[in-house]
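# Summary of the model geometry
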Amino acid sequence: MMLQFFPSKRVALYMGRLFLVRTIAVLALLVIVLQTLDLLGESGDVLAYPGNGNAQLWNYVLLRAPQIIARFLPFSVLLGTLVTLATLNQNSEIIAMKAAGLSAHQILAPLIIVAFGISAFSFVFNERIVARASASLDAWQAVDYGPRPKDSGIKSNIWVRDGDDLVTAGLVGGRGKGTLLRNVEIFNRSNNSLTTIIQAPRGRYDAQGSGWILENARSFDVVRGTSTMLGTVRFGRDIRPDQFTLAKVDANGLSIGALSSAIADLKDAGRPTAALEGALWHKTSGPLSALLMPLLGAVAAFGLARSGKLFVRAVIGMSLGFTYFVADNFALAMGNLGAYPPLMAAWAPFLLFLLVGETVLVRTEE
């Protein structure tokens, strides 16, 4: 029996179903509470735009909820593990399983299989839903919750320097020579003093490579306080299209394929990519964090409940889980600063706590 991974199919299904139901219940509770608090804090800004109402509030909820689910799904797996194992221990079901000859690993096996399924769901959910929702929400917030651009991949509020002058574009779309600018402003400076401001609703890159072309441009003289229509204006001969399109790459709003393409473009342009490479690796290691939670929370499953230490064991399991999340965020921060290589920043906490959880389980129960 010890050589079989699932000695009892009925027990495995019972524990897997128990664990999955409790994890979903914890996740639903967290999402409802956190979404309510978030909506209370953001509803004023959403409704501040003229014409916005209940439809826009529900739209905000639909875009924000996937981010909350993705962020707190591993926490829910941890809490679901603790609730499941503590209940089984308190009811002496763990003792019955061990008396029947099951090892600690065999008891945890159904939970680990379910956690692996949750990790796979989390990966697909992040790629197909969370990335798009994050990009759409960022684009909507960039226009102060006004009419949202149809292309959720459009970048917003991009600043580029052209010598002493500053160029800002409210929205940037397209790629390469097909890059298009919206709500363009050029701040012309002389001796660090602002002289004129050129504004244009649209701008595009000249295919001949002679800079950028603004349409229906207007100039405002800061000193005289006068405004002049300029019509079509050329500017920024030395500004490359990638300076607009690659000025702001949000890893949370891109899928793995899109982020890989953005990193390749940044490398071709000679830009640093260590932080984005760490985020790329974390798109795989992050969902797998759910796989660790049954192992880290296994402390709550073993030991006599009548000894009065069940609560202490549950706290220890919770501490191990939350320490992992702290270490994971710390490693990502070190990767962003360049102190850790991207691969190490994304995977080191996962591998470290996998060893920690396995060591604790073997030394205490096996």
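Below, the structure is looked at part by part. Predicted, not measured: the structure shown is a model, and the values here were computed from it.

It is worth spelling out the layout of surface pockets at this point. Quantified by volume, the largest pocket comes out at close to 1000 Å³. Together, 33 residues line the largest pocket, and Ala70, Arg71, Asn252, His282 and Leu332 are the ones closest to its centre. Those elements that provide at least two residues to the lining of the largest pocket are α2 (54–90), α4 (104–142), α7 (274–285) and α9 (310–337). For the lining of the largest pocket, the element with the most residues is α9, which contributes 8 residues.

Let us look at the pattern of salt bridges. Applying the stated rule across the entire model yields 4 salt bridges. Note that arginine 64 is salt-bridged to aspartate 38, the shortest N-O span being 3.4 Å. Taken as a pair, arginine 64 in helix α2 and aspartate 38 in helix α1 (residues 9–48) lie far apart in primary sequence, 26 residues in all. Linking arginine 234 and aspartate 206 is a salt bridge whose minimum nitrogen-to-oxygen distance equals 2.7 Å. Pair noted here: arginine 234 is in strand β6 (residues 226–235) and aspartate 206 is in the loop between β4 (193–205) and β5 (212–221), with a separation of 28 residues, a long-range link. The exposure class of aspartate 206 is buried, given its relative accessible area of 8%. The network of salt bridges with common partners includes Arg202, Arg204 and Glu215.

Take the packing of α4 against helix α8 (residues 289–296) next. Across the interface, α4 lies against α8 with an axial gap of 7 Å and an inter-helix angle of 160°. As the angle between them shows, α4 and α8 are arranged roughly antiparallel. Where α4 crosses over α8, the handedness of that crossing is right-handed. Contact residues: α4 offers Leu108, Leu111, Ile112, Ala115, Phe116, Ile118 and Ser119, while α8 offers Ala290, Leu291, Pro294 and Leu295. Residues of the contact of α4 with α8, tallied by class, amount to 10 nonpolar, 1 polar and no charged.

Residues that lie three or four places apart on an α-helix share one face, since the helix turns once every 3.6 residues. Taking 1.5 Å per residue as the helical rise, α2 with its 37 residues ought to reach 54 Å, whereas the 46 Å between its terminal C-alpha atoms falls clearly short. Phenylalanine 72 marks the point of greatest bend in α2, at about 45°, and the proline proline 74 comes within the next four residues. Note on α2: the residue one or two positions beyond its end, serine 92, has a positive phi of about 65°.

Here we come to the environment of leucine 137. Turning to its location among the elements, leucine 137 is positioned in helix α4. On the basis of relative accessible area, leucine 137 is assigned to the buried category, the value being 2%. Sequence spacing of leucine 137 and aspartate 206 is 69 residues, and the spatial spacing of their C-alpha atoms is 31 Å. Apart from the residues within four sequence positions on either side, leucine 137 is in contact with Tyr60, Leu63, Arg64 and Gln67.

Attention now moves to empty space enclosed by the protein. Following the criterion strictly, the structure yields 2 cavities of 30 Å³ or more and no others. Every residue lining the largest cavity is listed: Phe6, Pro7, Ser8, Val11, Ala12, Met15, Leu102, Gln106, Ile107 and Pro110. Mapped onto the lining of the largest cavity, the elements with two or more residues apiece are α1 and α4. For the lining of the largest cavity, the residue count by class is 8 nonpolar, 2 polar and no charged. One number sums up the size of the second largest cavity: a volume of about 40 Å³. Around the second largest cavity, the lining comprises 10 residues; the ones closest to its centre are Ala298, Val299, Val360, Leu361 and Thr364. By residue number, the principal contributor to the lining of the second largest cavity is helix α10 (residues 342–365), which donates 5 residues. Its residues assigned to classes, the lining of the second largest cavity comprises 6 nonpolar, 2 polar and 2 charged.

A few words on the pairing of strand β2 (residues 165–173). Two faces, one strand: in a regular strand the side chains alternate between the faces of the sheet. Counting buried positions along β2 gives 8 out of 9 residues, so the element sits mostly inside the fold. Inspection of the sheet shows β2 paired to strand β3 (residues 180–190) by 7 bridges, in the antiparallel sense. Within the sheet, the bridge partner assigned to leucine 171 lies in β3 and is arginine 182. A loop of 6 residues connects β2 with β3, the two strands running antiparallel in sequence, and glycine 174 in this loop sits at a positive phi of about 85°.

Each value, and the rule that gives it
Residues numbered from 1 in each chain as written. Predicted model: local features only at pLDDT ≥ 70, side-chain atom pairs only at ≥ 80, totals over all residues. Heavy atoms only, no water. 1 Å grid on protein atoms, 1.4 Å probe; cavity = no way out; pocket = protein on both sides within 12 Å on 5 of 7 lines; lining within 4 Å. Points joined across faces, edges and corners; volume = space filled by probe spheres on them. Helix = DSSP H or I, 4+ residues; strand = E, 2+ residues; numbered from the N terminus. Salt bridge = Lys/Arg side-chain N within 4 Å of Asp/Glu carboxyl O. Buried < 20%, exposed > 50% of the residue type's maximum accessible area, 1.4 Å probe, protein only. Axes fitted to C-alpha atoms, helices over the stretch in contact; angles between N-to-C directions. Parallel < 35°, antiparallel > 145°, perpendicular 65-115°, else oblique. Left-handed = near helix turned anticlockwise from the far one by under 90°. Contact = heavy atoms within 4.5 Å. Nonpolar A, V, L, I, M, F, W, Y, C, P; charged D, E, K, R; others polar. Expected span 1.5 Å × (residues − 1). Bend = angle between axes of the 7 residues up to and from the residue. Pairing = 2+ DSSP bridges.

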